Amino acid sequence: AIDPATGIIYVVDSVRNYVYRFNRDGNFLDRFGGYGPGYYDSSASFHNQFDYPSGIAFDAVRQEVLVGDQGNFRIKVFDPAGNYLRQFGINAPDGSWIFGDVSPEKLIGRFSKLQGLTVDSESRVYVVDSFQCTVQVFDSVSGNPIGMFGDYGTDSAELMTPIDITLSASGQFIITDWNNNRLSIWQIGLATPPPAPP
């Protein structure tokens, strides 16, 4: 993820459980995070730690970094320097490791295998769930779920192991649909493109 104002680049290291920061020239600045398996524990000691972070996005409007903490089933929000702000999301019900096995009403606001994420200019967060083959939408500020799209399958409006997502300048979502061997392009009325770089 890139801060368009400063050019600072944020990179998740899933295995080492860190977020690294580099300047626009690619020089290392610092890192934040560390290993912390805290999905069962909401205490502050785990707030700035990760268990296999899988995705990252930068909210240029609110100046916040959002990290998909896969093993802890949460989205964690930080300021640009890496200071913890808040988190949202919980783990999906038992059985959610089976593809497309959880009904939408039981999944909303919960993750089974969160992967990539992106954010629009209204600070709405779009999170890919690889196991449930959906994209969930959240209000980043409150953490409340707003909606969901996608379903398990091979048809044109379905996904099979989606991995990542980005939002184009025209408001279209481009999803890496891994097991369908394609990029899946979606247009939904909710999305507003991210702000253009200065």
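Residues numbered from 1 in each chain as written. Predicted model: local features only at pLDDT ≥ 70, side-chain atom pairs only at ≥ 80, totals over all residues. Heavy atoms only, no water.

*Asks:* How do you make sense of the sheet that holds strand β13 (residues 145-149) when you look at a structure like this?
*Replies:* Strands pair in a sheet through their backbones, by hydrogen bonds, and they do so in one of two ways: parallel or antiparallel. On the basis of which strands lie adjacent, the open sheet formed by 4 strands has the order β10-β11-β12-β13 and antiparallel pairing. Lying at the two open borders of the sheet, with one neighbouring strand each, are β10 (114-119) and β13. For this sheet, the mean inter-axis angle between neighbouring strands, taken without regard to orientation, is 20°. Two strands pair when backbone bridges link them, and β10 and strand β11 (residues 124-129) are joined in this way by 4 bridges, in the antiparallel orientation. Along β11, the bridge assignment pairs L114 with D129. (Pairing = 2+ DSSP bridges. Helix = DSSP H or I, 4+ residues; strand = E, 2+ residues; numbered from the N terminus. Axes fitted to C-alpha atoms, helices over the stretch in contact; angles between N-to-C directions.)

*Asks:* How do you make sense of the sheet that holds strand β2 (residues 18-22) when you look at a structure like this?
*Replies:* The antiparallel open sheet is built from 3 strands, whose spatial order is β1-β2-β3. Looking along the sheet, the strands with just one partner apiece sit at the ends: β1 (9-13) and β3 (28-33). On average, adjacent strands in this sheet sit at an angle of 25° to one another, irrespective of strand direction.

*Asks:* Could you clarify how one ought to interpret the pattern of salt bridges in this entry?
*Replies:* Pairs can form between side chains of opposite charge once their charged atoms are near each other. Scanning all chains against the criterion turns up 6 salt bridges. One salt bridge in this structure joins D30 and R21, with 2.7 Å as the shortest N-O distance. Given the relative accessible area of 26%, D30 is considered partly exposed. Between D177 and R182 there is a salt bridge, and its shortest N-O distance comes to 3.1 Å. On the basis of relative accessibility, which here comes to 28%, the residue R182 falls in the partly exposed class. Counted as one network, the salt bridges with shared partners bring together R62, E64 and R86. (Salt bridge = Lys/Arg side-chain N within 4 Å of Asp/Glu carboxyl O. Buried < 20%, exposed > 50% of the residue type's maximum accessible area, 1.4 Å probe, protein only.)

*Asks:* I tried to follow the packing of aromatic side chains on my own but got confused; where do I start?
*Replies:* For any two aromatic rings, the description comes down to two numbers: the centre-to-centre distance and the angle of the planes. Summed over all chains, the structure comprises 12 aromatic pairs. Ring geometry for F32 against F78: centres 5.0 Å apart, planes inclined by 50°, an arrangement best described as tilted. With a gap of 46 residues between them, F32 in strand β3 and F78 in strand β6 (residues 74-78) connect regions that are remote in the sequence. Per residue, the accessibility class of F32 equals that of F78, and both read buried. Look at F78 and Y84: their rings are 6.1 Å apart centre to centre, the planes differ by 80°, and that puts the pair in the edge-to-face class. Taking relative accessible area as the criterion, F78 reaches 0% and is therefore assigned buried. Put simply, the rings of Y18, Y20, F22 and F28 touch in pairs and so form one group of aromatic residues. (Phe/Tyr/Trp six-rings, centres within 6.5 Å; stacked < 30°, edge-to-face > 60°.)

*Asks:* How do you make sense of the pairing of strand β16 (residues 182-187) when you look at a structure like this?
*Replies:* On a regular strand, each side chain points to the face opposite its neighbour's, so the side chains alternate between the two faces of the sheet. One ladder, built from 6 bridges, connects strand β15 (residues 172-177) with β16; its direction is antiparallel. In the strand pairing of β16, I175 is matched with S184. Here β15 folds back onto β16 in antiparallel fashion, the turn holding 4 residues, of which N181 has a positive phi close to 55°.

*Asks:* Looking at this model, I keep getting lost on the layout of surface pockets. Mind explaining?
*Replies:* Take a probe with the size of a water molecule and roll it over the atoms, and the empty space left behind shows itself. Considered as a void within the structure, the largest pocket measures approximately 380 Å³ in volume. Contributing to the lining of the largest pocket are 18 residues, with I2, F58, T118, V119 and P194 lying nearest its centre. The biggest single contributor to the lining of the largest pocket is strand β4 (residues 53-59), with 4 residues. (1 Å grid on protein atoms, 1.4 Å probe; cavity = no way out; pocket = protein on both sides within 12 Å on 5 of 7 lines; lining within 4 Å. Points joined across faces, edges and corners; volume = space filled by probe spheres on them.)

*Asks:* Honestly, the nonpolar core in this entry has me stumped. Any pointers?
*Replies:* Inside soluble globular proteins, nonpolar side chains tend to come together where they are buried. Membership of the largest hydrophobic core comes to 14 residues, with the highest contact counts inside it found for Y126, V135, F149, I165, F173 and I175. Setting aside residues up to four positions removed in sequence, I175 forms contacts with V135, F149, L159, P162, D164, I165, R182, L183, S184 and W186. Of all hydrophobic cores here, the second largest spans 12 residues; its members include V77, L114, V119 and V125. (Core = buried A, V, L, I, M, F, W, Y, C linked by side-chain atoms within 4.5 Å. Contact = heavy atoms within 4.5 Å.)

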